[in-house]
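# Observations on chain architecture
The chain contents come next:
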Amino acid sequence: MKAVNIAIDGPSGAGKSTLARKLAARLGYVYVDTGALYRAIAYDCISHKADSEEQILARLPEIRLSLGYIDGAQHVFVNGEDVSGSIRTAEVSMGASRVAAIPKVREFLFNLQQEMAKTHSVVMDGRDIGTVVLPDADVKIFLTASAEKRAERRYIELNEKQPGKQTYEEVLADVIRRDEQDMNREIAPLRQAPDAVLVDTTDADLAQAEEMLLNACKEKLGS
Ligand code: DC
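Residues numbered from 1 in each chain as written. Predicted model: local features only at pLDDT ≥ 70, side-chain atom pairs only at ≥ 80, totals over all residues. Heavy atoms only, no water.

### Details of the pattern of salt bridges
- In the structure shown here, the tally under the stated rule is 13 salt bridges.
- Its salt-bridge partner being Asp-179, residue Arg-150 comes within 2.6 Å of it at the nearest N-O pair. Linking Arg-150 in helix α7 (residues 147-161) with Asp-179 in helix α8 (residues 168-184), this pair joins segments that are 29 residues apart in sequence.
- A salt bridge links Asp-174 to Arg-177, with the shortest nitrogen-to-oxygen separation between them at 3.0 Å. In this pair, Asp-174 and Arg-177 both sit in helix α8, 3 residues apart, roughly one turn of the helix.
- Judged by relative accessible area, Asp-174 falls into the buried class, the value being 16%. (Salt bridge = Lys/Arg side-chain N within 4 Å of Asp/Glu carboxyl O. Helix = DSSP H or I, 4+ residues; strand = E, 2+ residues; numbered from the N terminus. Buried < 20%, exposed > 50% of the residue type's maximum accessible area, 1.4 Å probe, protein only.)

Right under this line is the structure:
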């Protein structure tokens, strides 16, 4: 049976990963969080003090990435080490946005993402899934929310893990800076695919957003 592919793109903090994970669980598909792959590369580069583009590119042949699933949650491994917990810091977020702007890094991850989608029915979230990685996805969703709302959500999430590490204003500045980087980079910029359904979660709670997403899928998949 042909694998069904659902692509969810959008800026950080729109609720992509939470919603994509829930959607995948409801549909019985595999959830692929592609941001975690960019974060894993950034984490490796930070650990090895690879800072310049040249140093980052020199790390790529040394990095073996793999995905695993524990109780339905995606875990990302770098050379066998589970880095899933370590990649959720503000430093790695900025690093991921930086490495994601390097064409060779995107190339490096392209095959891994395509292979996952070929062999499994997936809900894949990222920035360029509907536009570049899976242009023939069965369902494409562009999930967004205002920058303020997204910063508020990220602030609450970060504060739970590292209380007092960043103020709301700092998180908002980071969100705006990352949007800027992700939308204006030359390669695979964050953009809504022409055939993507727009879902705005600014005023929606999680349950409402989940229904919006599920309805969009049902409409496209016809069940
Ligand atoms: O979704 P996230 O915050 O975990 O993503 C981390 C960074 O990786 C983000 O700044 C954009 C980048 N990214 C990307 O360029 N393409 C993707 N498909 C996924 C993430």
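### Things to note about the sheet that holds strand β1 (residues 5-9)
- Strand order in the open sheet formed by 5 strands is β2-β6-β1-β7-β8, and the pairing between neighbours is parallel. Among the strands making up the open sheet, the edge pair consists of β2 (30-33) and β8 (197-200). In this sheet, neighbouring strand axes are inclined to one another by 20° on average, regardless of whether the strands run parallel or antiparallel.
- In this sheet, strand β7 (residues 139-144) lies alongside β1 in parallel orientation, the contact comprising 4 bridges. (Pairing = 2+ DSSP bridges. Axes fitted to C-alpha atoms, helices over the stretch in contact; angles between N-to-C directions.)

### Notes on the site of the ligand
- Close to the ligand lie 16 residues; Arg-39, Arg-106, Arg-127, Asp-128 and Arg-185 are nearest.
- With respect to the ligand, the side chain of Arg-127 contributes an N or O atom lying 2.9 Å from an oxygen atom.
- A distance of 3.2 Å separates an oxygen atom of the ligand from a polar side-chain atom of Asp-182.
- Taken by itself the ligand offers 450 Å² of open surface, and the protein chains cover 97% of this.
- Judged by its atoms lying within 2 Å of the grid points, the ligand is housed in the largest pocket. (Near = heavy atom within 4 Å. Polar contact = N/O pair within 3.5 Å; in protein donor to acceptor, adjacent residues only side chain to side chain. Areas by Shrake-Rupley, 256 points an atom, 1.4 Å probe, with all protein chains shown as cover. 1 Å grid on protein atoms, 1.4 Å probe; cavity = no way out; pocket = protein on both sides within 12 Å on 5 of 7 lines; lining within 4 Å. Sits in = over half its atoms within 2 Å of the grid points.)

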